[in-house]
Amino acid sequence: MKLAVAIADTGALASAFVVFRGFRDSIPKAARLGYDGVELALKTADEVNPAQLTAWLDETGMEVSCISTGQVFADLGLSFTESSPERRERVIEVFQGLIDLAVKYGKMVNIGRVRGSIGSQPREEAEARFISVAQNLCDYAAERHVTLVLEPVNRYEIDFINNVQQGVALLKKVDRENLKLMPDVFHMNIEDTTIGGELARHLEHVGYLHLADSNRLAPGQGHTDFEDIFDHLASAGYDGWVSVEILPKPDPDTAAQQAAHFLRPRVDAHNIQLQTRRKEDAPRG
Ligand code: LER
Ligand code: MN
């Protein structure tokens, strides 16, 4: 398991849901706090200068965990369930650029609110449009060894795919191996029957995790039971990224520091548990 924090560059909308802004400063800052990587919130691939980004990553030993796409929805106003074919073409084009970038950075691209909503259209129509765009992009991504991760988001933000079970059902309809889920425990606290239990039950579909406490502050600052979540992740053997996506409160530095202070020891203990189990399970001889 590796630990990341969500960041955007300086030009991102104020609504971009990240802890730090400005790649140049936040990558070394996150490294100093003990994170293994950064999740990049992008709108289009040309926001990144690859030579520059690679230099900042190499200098700090950091990785990109995932490219997140909330700004494709919030800033560009695009979504997979759009009724206009031209606008669906445009979202495919933007995602192809982000998938190309992910080949070098993280090998993972998220689908959050950009999946779109049902609104007043018949559910089957919206779902069929989502499936067609998702299949098209999964096939493009598979050739490049990139995985797409669909994030269930709570009902107060969107009306399509609110919990993990709904996410799994849609994954089965899309039927592509490189489409996984990105559960966010903040949304799960609102929508799912349990958090740890649901994660463990559907672990084969989980590609990535967003962590925040019940109040969307740093883990440890609310009432989410992270001991239970980590116990379930350990017994199910989760070995992917966990990424801190929290409100930058009381300020970005304090929030990122609180999250790292709470999570770093738990991630390290989790990795020791996985290693020990692997040794015990290895054939003797
Ligand atoms: C995005 O990862 C997310 O969790 C959404 O709630 C942002 O609006
Ligand atoms: Mn999230």
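Everything below is about the structure printed above this text.
One structure accompanies this document, and this report is about it. Everything numeric here is computed off the predicted structure, so don't read it as measured data. (Residues numbered from 1 in each chain as written. Chains lettered and ligands numbered in written order. Predicted model: local features only at pLDDT ≥ 70, side-chain atom pairs only at ≥ 80, totals over all residues. Heavy atoms only, no water.)

Glancing now at the environment of Ile229. Mapped onto the secondary structure, Ile229 falls in helix H9 (residues 226–236). Taking the C-alpha atoms as reference, Ile229 lies 14 Å from Ser243; in sequence the two are 14 residues apart. Each residue touching Ile229, except ones within four places of it in the same chain, is listed here: Val185, Ile195, Gly196, Leu199 and Thr224. (Helix = DSSP H or I, 4+ residues; strand = E, 2+ residues; numbered from the N terminus. Contact = heavy atoms within 4.5 Å.)

A separate point is the pairing of strand E9 (residues 241–244). On a regular strand, one side chain projects to one face of the sheet and the next to the other, so that they alternate. By the alternation rule, side chains of E9 split into Trp241 and Ser243 and Val242 and Val244, which are all buried. As paired strands, strand E1 (residues 2–8) and E9 are joined by 4 bridges and run parallel to one another. Its bridge partner lying in E9, Leu3 is registered against Val242. Pairing between strand E8 (residues 209–211) and E9: 3 bridges, direction parallel. Pairing of His210 across the sheet is with Ser243, part of E9. In terms of handedness, the path from E8 via H9 over to E9 forms a crossover that is right-handed. (Buried < 20%, exposed > 50% of the residue type's maximum accessible area, 1.4 Å probe, protein only. Pairing = 2+ DSSP bridges. Right-handed = clockwise from strand over helix to strand, strands pointing away.)

In this section: the site of ligand 1. Around ligand 1, the surrounding shell consists of Arg113, Glu151, Glu157, Asp184, His187, His210, Arg216 and Glu245. Measuring from an oxygen atom of ligand 1, one finds a side-chain N or O atom of His187 at 2.8 Å. A distance of 2.6 Å is found between an oxygen atom of ligand 1 and a side-chain nitrogen or oxygen belonging to Glu245. Burial of ligand 1 by the surrounding chains reaches 87%, relative to a free accessible area of 250 Å². A majority-of-atoms criterion places ligand 1 in the largest pocket. Here the shell around ligand 1 is built from residues that sort into no nonpolar, 2 polar and 6 charged. (Near = heavy atom within 4 Å. Polar contact = N/O pair within 3.5 Å; in protein donor to acceptor, adjacent residues only side chain to side chain. Areas by Shrake-Rupley, 256 points an atom, 1.4 Å probe, with all protein chains shown as cover. 1 Å grid on protein atoms, 1.4 Å probe; cavity = no way out; pocket = protein on both sides within 12 Å on 5 of 7 lines; lining within 4 Å. Sits in = over half its atoms within 2 Å of the grid points. Nonpolar A, V, L, I, M, F, W, Y, C, P; charged D, E, K, R; others polar.)

Donor atoms from the polypeptide that coordinate the manganese ion (ligand 2) comprise Glu151 (OE), Asp184 (OD), His210 (ND1) and Glu245 (OE), at 2.0 to 2.2 Å from the metal. Relative to the metal, the 6 donor atoms surrounding the manganese ion (ligand 2) lie at angles of 70 to 175°, and the coordination shape comes out octahedral. (Donors = N, O, S within 2.8 Å, 3.2 Å for Na, K, Ca; no water. Tetrahedral: all angles 85-135°; square planar, octahedral: opposite > 155°, others 65-115°.)

What follows deals with the packing of helix H4 (residues 85–104) against helix H5 (residues 123–142). At their nearest, the axes of H4 and H5 sit 10 Å apart, and the two run at 30° to each other. Between H4 and H5, the angle falls in the class roughly parallel. Every pair of crossing elements has a handedness; the one defined by H4 and H5 is right-handed. Listed contacts from H5 to Arg88, Val91, Ile92, Phe95, Gln96, Ile99 and Asp100 of H4 are Arg129, Val133, Asn136, Leu137, Tyr140 and Ala141. Residue classes in the contact of H4 with H5 are distributed as 8 nonpolar, 2 polar and 3 charged. (Axes fitted to C-alpha atoms, helices over the stretch in contact; angles between N-to-C directions. Parallel < 35°, antiparallel > 145°, perpendicular 65-115°, else oblique. Left-handed = near helix turned anticlockwise from the far one by under 90°.)

The computed volume of the largest pocket comes to approximately 330 Å³. Surrounding the largest pocket, 22 residues form its lining, Phe17, Gly70, Arg113, Glu151 and Glu245 being those nearest its centre. Only strand E3 (37–41) and helix H3 (70–74) provide two or more residues apiece to the lining of the largest pocket. The residue makeup of the lining of the largest pocket, split by class, is 6 nonpolar, 9 polar and 7 charged. (Points joined across faces, edges and corners; volume = space filled by probe spheres on them.)

Within the secondary structure, Gly240 sits in the loop between H9 and E9. The exposure class of Gly240 is buried, given its relative accessible area of 17%. Linking Gly240 and Ser65, residues 175 residues apart in sequence, is a C-alpha distance of 9.5 Å. If we skip the residues at most four places from it in the chain, Gly240 touches Met1 and Lys2.

Another aspect to go through is the packing of H9 against helix H10 (residues 252–281). Between H9 and H10, whose axes approach to 10 Å, the crossing angle comes to 25°. Classified by the interaxial angle, the pair formed by H9 and H10 is roughly parallel. Pair H9 / H10 crosses with right-handed handedness. Facing Phe226, Glu227, Phe230, Leu233, Ala234 and Ser235 of H9, the residues of H10 in contact are Phe262, Leu263, Arg266, Val267, His270, Gln273, Leu274 and Arg277. Its residues assigned to classes, the contact of H9 with H10 comprises 8 nonpolar, 3 polar and 3 charged.

This part takes up the nonpolar core. Among the nonpolar cores identified, the biggest contains 83 residues, and Tyr35, Val38 and Phe130 are the most heavily contacted of them. Tallying contributions element by element places H5 first for this core, with 9 residues. Excluding anything up to four places from it in sequence, Val38 contacts Ala4, Val5, Ile7, Ile27, Ala30, Leu57, Met62, Glu63, Val64, Ser65 and Cys66. (Core = buried A, V, L, I, M, F, W, Y, C linked by side-chain atoms within 4.5 Å.)

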